[in-house]
Amino acid sequence: MIITLYSQHKRQTIFMRITLSILAFIFIQQSYAQGFESLCNDGLRSLRKKEYKNAINNFERAAMMSNTEEEKIYALANLAFSYQVTGDIRNALENYNKALMINREEITLMQQRAGLYMYLDSIDKALADYTFILQKEPGNSSALFYRAHIYTQSGEYSKARADYHLLMQIDPNDNNTRLGYARLYQKEKRYNECLMLLGQLIEDNPSRAEFYISRSDVSREMGHTELALLDVDKAIELEPENANFHNLKSILLDKLGKKEAARRSQSKANMLKNKQ
């Protein structure tokens, strides 16, 4: 009888242990799922508050806790972006690569990665990404724009023109596309077309300093230093705190033989840079 009771007690104890283990496992699984979502939400809140170290920590933990490929990609993408906004390009690129190894069809992530390749001057890799994106989304205007820029800089002018032509069909009034086309004309030394297009941009956007600087650059390249200086002066009028504009003015003044004025402009540029 004692043996029987002992056996029953033992069986009950074993059963309780098994039951508790199952309950514990269920609790862990529930906490696991809730933990991923909670970590991601905390990470997003940290990003909004610009608390980037906290965001990185949350998304790193979320990536380790992810249950599915979709969760993993989501955590890695946010982790990469968190690194990117801190200027840590190496870790940003590493995590975009990890996410794209799981699913190469994530076009948004590939665009982010291509942008980092552009920043790092890894032009061939950026070109490969933009070309892949355009195979999937032929009307992707961002990918078209940056690929056109790459083609322009690498001297593949006919390919650049084809991409700009598509962009103009998508939105003929887009200022970035028009400026890109102007720079293509400049590269080809088609100065008349370039200046005409820049003139139209300035007429449509008289308060955009960058367009005056672009026209100034063309005038300088053509040897029209005084015309170049006029446009730089207009750009400075619009953005007086831009150190680069004052530095450019100094270079042009020096070229015109106005040494003292050039020195003053350079001093102004240096002062503005030190304030930044």
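The model shown is predicted, which means the values in this text are computed figures rather than measured ones. (Residues numbered from 1 in each chain as written. Predicted model: local features only at pLDDT ≥ 70, side-chain atom pairs only at ≥ 80, totals over all residues. Heavy atoms only, no water.)

This part takes up the overall build of the protein. Each helix and strand in the protein was counted, giving 14 helices and zero strands. Secondary structure elements of the protein, listed N to C terminal, follow the sequence α-α-α-α-α-α-α-α-α-α-α-α-α-α. The buried share of the protein, taken over its 276 residues, is 37%. In the protein, 42% of the contacts between residues at least 6 apart in sequence involve partners at least 24 apart. (Helix = DSSP H or I, 4+ residues; strand = E, 2+ residues; numbered from the N terminus. Buried < 20%, exposed > 50% of the residue type's maximum accessible area, 1.4 Å probe, protein only. Contact = heavy atoms within 4.5 Å.)

Let us look at the pattern of salt bridges. Between side chains of opposite charge, pairing is possible as soon as their charged atoms come close. Under the definition given, this model contains 20 salt bridges. The residue E94 makes a salt bridge to R90 at a minimum N-O spacing of 3.7 Å. On the criterion of helical spacing, the pair formed by E94 and R90 is a turn pair, its members being four residues apart in helix α4 (residues 89–102). When the shortest N-O distance is used, the salt bridge between K159 and E156 registers 3.0 Å. On the basis of relative accessible area, K159 is assigned to the partly exposed category, the value being 40%. The class for E156 is partly exposed, based on a relative accessible area of 29%. One connected set of salt bridges, linked through shared partners, spans R161, E188, R190 and E193. (Salt bridge = Lys/Arg side-chain N within 4 Å of Asp/Glu carboxyl O.)

Moving on: unusual backbone geometry. Of note in the backbone geometry, K50 takes a positive phi value of approximately 65° without being a glycine. With a relative accessible area of 62%, K50 lands in the exposed category. Although it is not a glycine, K189 adopts a positive phi angle of roughly 60°. Here K189 lies in the loop between α9 (175–187) and α10 (191–204).

The contact between helix α7 (residues 141–153) and α9 brings their axes to 10 Å, and the two run at 10°. Regarding the angle of α7 to α9, the classification is roughly parallel. Seen from α7, the contacting residues are F145, T152 and Q153; seen from α9, they are N176, T177, R183, L184 and K187. Considered class by class, the residues forming the contact of α7 with α9 number two nonpolar, four polar and two charged. (Axes fitted to C-alpha atoms, helices over the stretch in contact; angles between N-to-C directions. Parallel < 35°, antiparallel > 145°, perpendicular 65-115°, else oblique. Nonpolar A, V, L, I, M, F, W, Y, C, P; charged D, E, K, R; others polar.)

Moving on to helix α2 (residues 52–65). Since one α-helical turn is 3.6 residues long, residues separated by three or four positions face the same way. Relative to the 20 Å expected for 14 residues at 1.5 Å per residue, α2 spans 20 Å between its end C-alpha atoms, a close match to the ideal helical length. For α2, the complete set of buried residues consists of A55, I56, N58, F59, A62 and A63. The arc that holds every buried residue of α2, seen down its axis, measures 170°, which confines them to one face. Opposite the packed face of α2, turned more than 90 degrees from it, sit the exposed residues K53 and M64. (Expected span 1.5 Å × (residues − 1). Arc of directions from axis to C-beta.)

This next bit is on the packing of aromatic side chains. Think of a pair of aromatic rings as described by two things: how far the centres are apart, and how the planes are tilted against each other in angle. Tallied over the entire structure, the rule returns four aromatic pairs. Between the aromatic rings of F145 and Y146, the centroid separation amounts to 5.4 Å while the plane-to-plane angle is 80°, which identifies the pairing as edge-to-face. Relative accessible area serves as the criterion here: at 22%, F145 is assigned to the partly exposed category. Centroid distance Y164 to Y181: 5.4 Å. Interplanar angle 25°. Geometry classified as stacked. Of this pair, Y164 sits in helix α8 (residues 157–170) while Y181 sits in helix α9, and the two are 17 residues apart along the sequence. Taken together, the ring pairs in this structure connect Y130, F145 and Y146 into an aromatic cluster. Its guanidinium or amino end placed over the ring of F132, R104 lies 4.0 Å from that ring's centre, counting from NZ or CZ. (Phe/Tyr/Trp six-rings, centres within 6.5 Å; stacked < 30°, edge-to-face > 60°. Lys NZ or Arg CZ within 6 Å of the ring centre and 35° of its normal.)

Note that all results are geometric; they support no functional claim without further evidence.
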